[in-house]
Amino acid sequence: MSEPAIRDHEYWMRHALGLAQKAQEQGEVPVGAVLVRNDELVAEGWNQPISSHDASAHAEIMAIRNAGRVLQNYRLAGDTTLYVTLEPCPMCAGAIVHARINRVVFGAFDLRTGSGGTVFNLLQNESLNHKAEVISGVMEEACAMLLQGFFRAKR
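Residues numbered from 1 in each chain as written. Predicted model: local features only at pLDDT ≥ 70, side-chain atom pairs only at ≥ 80, totals over all residues. Heavy atoms only, no water.

Q: What should I look at first to understand the overall build of the chain in this one?
A: When helices and strands are counted, the chain shows five helices and five strands. Listing the helices and strands of the chain from first to last along the sequence gives α-β-β-α-α-β-α-β-β-α. A compact globule built from 155 residues should have a C-alpha radius of gyration of about 15 Å, and the chain, at 14 Å, falls within 12% of that. Principal-axis analysis of the C-alpha atoms places the extent of the chain at approximately 45 × 30 × 30 Å. Sorting the 155 residues of the chain into buried and exposed places 47% on the buried side. Surface accessibility of the chain: about 7,800 Å² in total, with carbon and sulfur atoms responsible for 52%. Side-chain charges of the chain comprise 14 positive and 17 negative groups, with the mean position of each set lying 5 Å from the other. (Helix = DSSP H or I, 4+ residues; strand = E, 2+ residues; numbered from the N terminus. Rg over C-alpha atoms; globule rule 2.2 N^0.38 Å. Buried < 20%, exposed > 50% of the residue type's maximum accessible area, 1.4 Å probe, protein only. Areas by Shrake-Rupley, 256 points an atom, 1.4 Å probe, with all protein chains shown as cover. Lys, Arg positive; Asp, Glu negative; His and termini not counted. Charge placed at Lys NZ, Arg CZ, Asp CG, Glu CD.)

Have a look at this one:
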């Protein structure tokens with residue numbers, strides 16, 4: 001499995017940021033996620049818990065659900081990378097582990113529930129049956145600014 005170049009990470013993170021903006025336009029917390037396999041888009045998702053009345057409809061979960069349908073498999077193994085604008089929460093990290101996603105690349109750190117190493121490290125927990133490589137802080141400023149602007153406008 002070869003490591004994608006940083007410019008590839010930025011390319012896909014820009015795509016995820018576009019989805020985060022779509023979430024924001026729908027009144028959702030602006031988080032977007034893109035699942036890529038072998039440098040090709042498999043599926044995407046954005047936060048939808050408010051509009052769908054579903055607490056589990058986080059961007060990562062939506063991308064994982066869509067990828068499962070596309071690939072006709074709940075296991076998303078292989079050279080898969082999930083790009084997400086915000087560090088996954090515990091629920092999303094659990095889904096990532098169960099889906100066997102190889103790599104998670106996130107932008108902004110979540111200082112309250114981040115499960116990619118900030119508060120918890122569920123994505124690389126030795127007790128679990130799968131560990132994902134974690135690359136953090138890709139386009140961190142742009143990802144954080146989108147979230148900060150959203151919450152500032154809500155206040």
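Okay, back to it.
Q: Teacher, can you tell me more about the sheet that holds strand 3 (residues 80-86) here?
A: Hydrogen bonds between backbone groups are what pair the strands of a sheet, and the pairing can be parallel or antiparallel. Pairing in this open sheet of five strands is mixed, and the strands run 2-1-3-4-5 from one edge to the other. Of all strands in the sheet, those with a lone pairing partner are strand 2 (40-46) and strand 5 (133-135), marking the two edges. Pairs of neighbouring strands in the sheet enclose a mean axial angle of 20°, with direction left out of account. Helix 3 (residues 59-71) rests against strand 1 (32-37), strand 2 and strand 3 of the sheet, and its axis sits at about 140° to strand 2. (Pairing = 2+ DSSP bridges. Axes fitted to C-alpha atoms, helices over the stretch in contact; angles between N-to-C directions. Contact = heavy atoms within 4.5 Å.)

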